[in-house]
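Okay, here's what each chain looks like letter by letter:
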Amino acid sequence: MIKIYGMDTCPDCTYLDSQIEGNAEFQKVDIGAHVKNLKEFLKLRDNNAIFDECKKNGSAGIPCFLKEDGTVTLVPEEVGLKSRPAGDAIACSIDGKGC
């Protein structure tokens, strides 16, 4: 099973919802739903170099995909899903330039 860490208020995360609906291969973990989920994600984020660039540019690092073998990716295509189209005008970053 692949865990997807994200939030229901993140457009990049919600774009994946219809792609994983009914697919037992994926487990969605909403880090905004409970502090336990947030702490689980932060432990992963604080201890994995894949998030270094996210931390530098002020991104949260979601959606994040934790594969069964323990590897982490931030790229939906690496787990068989599609990214939100780049031209989409929705933004959730503080500066309003992206997510």
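Because the structure is predicted, anything quoted here is derived from the model rather than measured.

### Describing the pattern of salt bridges
Within the structure shown, the criterion is met by 4 salt bridges. For Arg84, the salt bridge goes to Asp12, with nearest N and O atoms at 2.5 Å. Pair noted here: Arg84 is in the segment after strand E4 (72-73) and Asp12 is in helix H1 (residues 11-14), with a separation of 72 residues, a long-range link. Residue Arg84 is classed as buried on the basis of its relative accessible area, which comes to 15%. Linking Lys28 and Asp17 is a salt bridge whose minimum nitrogen-to-oxygen distance equals 3.0 Å. Here Asp17 lies in helix H2 (residues 17-20) and Lys28 lies in strand E2 (residues 26-30), a separation of 11 residues in the sequence. Overall, Lys28 belongs to the partly exposed group, its relative accessible area being 38%. We classify Asp17 as partly exposed; its relative accessible area is 26%. Here the salt bridges share partners, and the residues they tie into one network are Asp8, Asp17 and Lys28.

### Description of helix H3 (residues 35-46)
The terminal C-alpha atoms of H3, which comprises 12 residues, lie 16 Å apart, in line with the 16 Å expected from a rise of 1.5 Å per residue. Residues of H3 that are buried include every one of Asn37, Phe41, Leu44 and Arg45, and no others. In a view along the axis of H3, the buried residues occupy a sector of 100°, so they form one face of it. Exposed side chains of H3 directed beyond 90 degrees from the buried face belong to Lys36, Lys39, Lys43 and Asp46. For H3, the secondary structure elements touched by its buried residues are strand E1 (2-6), E2, helix H4 (52-57), strand E3 (64-66) and E4.

### Observations concerning the sheet that holds E4
With respect to topology, 4 strands assemble into an open sheet ordered E2-E1-E3-E4, the strand pairing being mixed. Single-partner strands in this sheet number two, and they are E2 and E4. Where E1 meets E2, 5 bridges bridge the pair, whose relative direction is parallel. When the bridges of E2 are listed, Tyr5 appears paired with Val29.

The rules we used
Within any chain, residue numbers begin from 1 and follow the written order of that chain's sequence. It should be noted that, the model being predicted, local features are given only for residues of pLDDT at least 70 and side-chain atom pairs only at 80 or more, the latter also being counted only at that level, while totals for whole chains, interfaces and linings use all residues. Processing note: side-chain calculations cover all non-hydrogen atoms of the structure and skip hydrogens and water entirely. In the sections that follow, a salt bridge refers to a side-chain nitrogen of Lys or Arg positioned within 4 Å of a carboxyl oxygen of Asp or Glu. The helix and strand labels rest on DSSP assignments: H or I over at least four residues marks a helix, E over at least two residues marks a strand, and numbering proceeds from the N terminus. Residue exposure (1.4 Å probe, protein chains only): buried if accessible area is under 20% of the type maximum, exposed if over 50%, otherwise partly exposed. One less than the number of residues in a helix, times 1.5 Å, gives the span that helix is expected to have. Here the arc refers to the set of directions running from the helix axis out to each C-beta atom. Residue contacts are defined here by distance: any two heavy atoms, one from each residue, within 4.5 Å place the two residues in contact. Only strands joined by at least two bridges in the DSSP assignment are considered to pair.

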